[in-house]
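For reference, the chains in residue letters:
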Amino acid sequence: MSLVLDPAAQDLLFREARTANTFTDEPVTDEQVQAIYDLVKYGPTSMNQSPLRVVLVRSPEARERLAPHLAEGNRAKTVTAPLVAILAADNEFHEELPQLFPHFPQAKDLFAERPVREGSAALNAALQAAYFIIGVRAAGLAAGPMTGADFEGIRKEFLDGDHTPLMVVNIGRPGPDAWFPRSPRLSYEQVVTTV
Ligand SMILES: Cc1cc2nc3c(=O)[nH]c(=O)nc-3n(C[C@H](O)[C@H](O)[C@H](O)COP(=O)(O)O)c2cc1C
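Predicted model, so just to flag it, every value in this text is computed and none were measured.

*Asks:* What am I meant to see in the overall build of the protein here?
*Replies:* The secondary structure content of the protein amounts to 8 helices and 4 strands. In the protein, the succession of helices and strands from N to C terminus is α-α-β-α-α-β-α-α-β-α-β-α. In summary, the protein has a C-alpha radius of gyration of 18 Å against a globular reference of 16 Å for 195 residues, a match within 12%. Here the protein holds 195 residues, and the buried ones make up 40% of them. When the accessible surface of the protein is split by element, carbon and sulfur atoms take 59% of a total near 11300 Å².

*Asks:* Explain the nonpolar core to me, please; I cannot follow it from the model alone.
*Replies:* Grouped burial of nonpolar side chains is what soluble globular proteins tend to show. Within the largest apolar cluster, 17 residues are counted, with the highest numbers of intra-cluster contacts made by Val28, Leu87, Phe132, Val136, Met167, Val169 and Ile171. Of all the elements in the fold, those that place two or more residues in this core are helix H2 (30–40), strand E2 (83–90), helix H6 (114–138) and strand E4 (163–172). Here this core takes 4 residues from H6, the largest share from any one element. In contact with Leu87, not counting residues within four places along its chain, are Leu52, Arg53, Val54, Ala129, Phe132, Pro165, Leu166, Met167 and Val169.

*Asks:* I keep staring at the site of the ligand and nothing clicks. Help me out?
*Replies:* Every residue near the ligand is listed here: Arg18, Thr19, Asn74, Lys77, Arg137, Pro145, Met146, Thr147, Gly148, Arg182 and Arg185. Within the contact set of the ligand, a nitrogen atom lies 2.9 Å away from a side-chain nitrogen or oxygen of Asn74. Summarising the interface, the protein chains cover 63% of the accessible area of the ligand, which totals 640 Å² for the free molecule. For the shell around the ligand, the secondary structure elements donating two or more residues are helix H4 (72–80) and strand E3 (142–146). Here the shell around the ligand is composed, by residue class, of 2 nonpolar, 4 polar and 5 charged.

*Asks:* I would appreciate a short explanation of the environment of Ala126 in the present structure.
*Replies:* Within the secondary structure, Ala126 sits in helix H6. Here the alpha-carbon distance between Ala126 and Tyr42, two residues 84 residues apart in the chain, equals 14 Å.

*Asks:* Honestly, the UniProt feature "domain: Nitroreductase" (unreviewed entry) in the protein in this entry has me stumped. Any pointers?
*Replies:* Look at the UniProt record and you will see "domain: Nitroreductase" (unreviewed entry) annotated at residues 17–173. Here residues 17–173 is 41% helix and 18% strand, with 11 Å between the C-alpha atoms at its ends.

*Asks:* Is there a simple way to think about the pattern of salt bridges in this case?
*Replies:* Here the idea is simple: oppositely charged side chains can pair when their charged atoms come close. This model, assessed by the stated rule, comprises 14 salt bridges. Ionic pairing is found between Glu61 and Arg65, a salt bridge with its closest N-O pair at 3.0 Å. Here Arg65 and Glu61 lie together in helix H3 (residues 60–66), a separation of 4 residues that amounts to about one turn. Owing to a relative accessible area of 49%, Glu61 belongs among the partly exposed residues under this scheme. A relative accessible area of 32% means that Arg65 is categorised as partly exposed. Note that Lys108 is salt-bridged to Glu95, the shortest N-O span being 2.9 Å. Note that Lys108 is positioned in the loop between helix H5 (97–100) and H6 and Glu95 in the loop between E2 and H5, a separation of 13 residues in sequence. Here Lys108 falls in the partly exposed class, since its relative accessible area comes to 29%.

*Asks:* Whenever I open this one, the side chain of Asn124 confuses me. Can you help?
*Replies:* Structurally, the position occupied by Asn124 is in helix H6. Polar contacts involving the side chain of Asn124 include one to the side chain of Gln49, which spans 3.0 Å.

*Asks:* Looking at this model, I keep getting lost on the sheet that holds E4. Mind explaining?
*Replies:* Consider a sheet: its strands pair through backbone hydrogen bonds, and that pairing is either parallel or antiparallel. Taken together, the 4 strands give an open sheet; going across it, the order is E1-E2-E4-E3, and neighbouring strands pair in antiparallel fashion. Each edge of the open sheet carries a strand with a single partner, namely strand E1 (52–57) and E3. The sheet shows a mean angle of 30° between the axes of neighbouring strands, taken without regard to direction. Bridging between E2 and E4 involves 8 bridges; their strand directions are antiparallel. Across the sheet, residue Val84 finds its bridge partner in E4, namely Asn170.

Thresholds, definitions, all that
Throughout this description, residue numbers start from 1 for each chain and increase along the sequence as written. Reporting in this predicted model follows two pLDDT cut-offs: at least 70 for local features of residues, and 80 or more for side-chain atom pairs to be given and counted; totals over whole chains, interfaces and linings ignore these cut-offs and use all residues. Working from all heavy atoms in the structure, the side-chain values ignore hydrogens and water. The secondary structure listing takes helices from DSSP runs of H or I that are at least 4 residues long and strands from runs of E that are at least 2 residues long, numbered from the N terminus. With the radius of gyration taken over C-alpha atoms, the globule rule is written as 2.2 Å times the number of residues to the power 0.38. Here the term buried applies to any residue with accessible area under 20% of the maximum for its type, exposed to any over 50%, and partly exposed to those in between, with areas from a 1.4 Å probe on protein chains only. Areas reported here follow the Shrake-Rupley algorithm with a probe of radius 1.4 Å; residue values treat only the protein chains shown as occluding. To form a nonpolar core, buried Ala, Val, Leu, Ile, Met, Phe, Trp, Tyr and Cys residues must be joined to one another through side-chain atoms within 4.5 Å. When checking whether two residues touch, look at their non-hydrogen atoms; a contact exists if any pair is within 4.5 Å. A cutoff of 4 Å decides nearness: a residue is near a molecule or strand if any of its heavy atoms lies inside that distance of it. Polar contact is defined as a pair of N or O atoms within 3.5 Å, subject to the rule that within protein one atom must be able to donate a hydrogen and the other to accept it, and that residues adjacent in sequence are counted only when both atoms are side-chain atoms. Residues are sorted three ways: Asp, Glu, Lys and Arg are charged, Ala, Val, Leu, Ile, Met, Phe, Trp, Tyr, Cys and Pro are nonpolar, and all the rest, Gly among them, are polar. UniProt positions are given in the numbering used here, feature names are shortened, and annotations may be inferred rather than shown by experiment. We define a salt bridge as a contact between a side-chain nitrogen of Lys or Arg and a carboxyl oxygen of Asp or Glu at a distance within 4 Å. By this definition, two strands are paired if DSSP reports at least two bridges between them. The axes used here are C-alpha line fits, helices contributing only the stretch in contact, and every angle between their N-to-C directions lies in the interval 0 to 180 degrees.

As structure tokens, this is what we get:
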């Protein structure tokens, strides 16, 4: 009763959405990914930073280049997923702050030091990655995010510039036996305190 979002949308985004480990061979189009990005780009970040960078790994040849950098248990599902996205943080995101946060022209200067920039890029790109996963669900698709990977190897193989890979996400329609039984979640009482 407290939520205003349509219950079917609540199920689509959260209650019935699962992390998929197998996929059908129905393709995921660039148009679908663009629609997902054009929705989730409105998710909030600190100072409207937009450090998320996405590399779509589509061709069989590119998947084969990615596979050796994944933990063994993550390989088969990634090679066969309709689409794979590498989500990364751009550590030079501050260059875009004059465009993204124009009412505070000094914003870029706050990130002149590399460690400050790196921390902010990691936090805000992780937020954007979470929005991206929910956006995949909003498109009626399932996501399979993975951090079981050699990210230094992925960075060298796939990323230009000063980008730090955060996770690899398989995207598609869930196939047979796509998920394990749902694991429990912490209750409200375990998580929330009021002072
Ligand atoms: C950031 C992140 C990293 C993950 N890494 C892996 C992984 O390397 N391999 C894997 O099989 N599952 C991975 N998972 C899947 C989680 O185990 C799964 O999302 C979680 O157990 C919830 O499952 P459910 O959505 O089906 O309830 C990862 C999930 C996230 C969000």
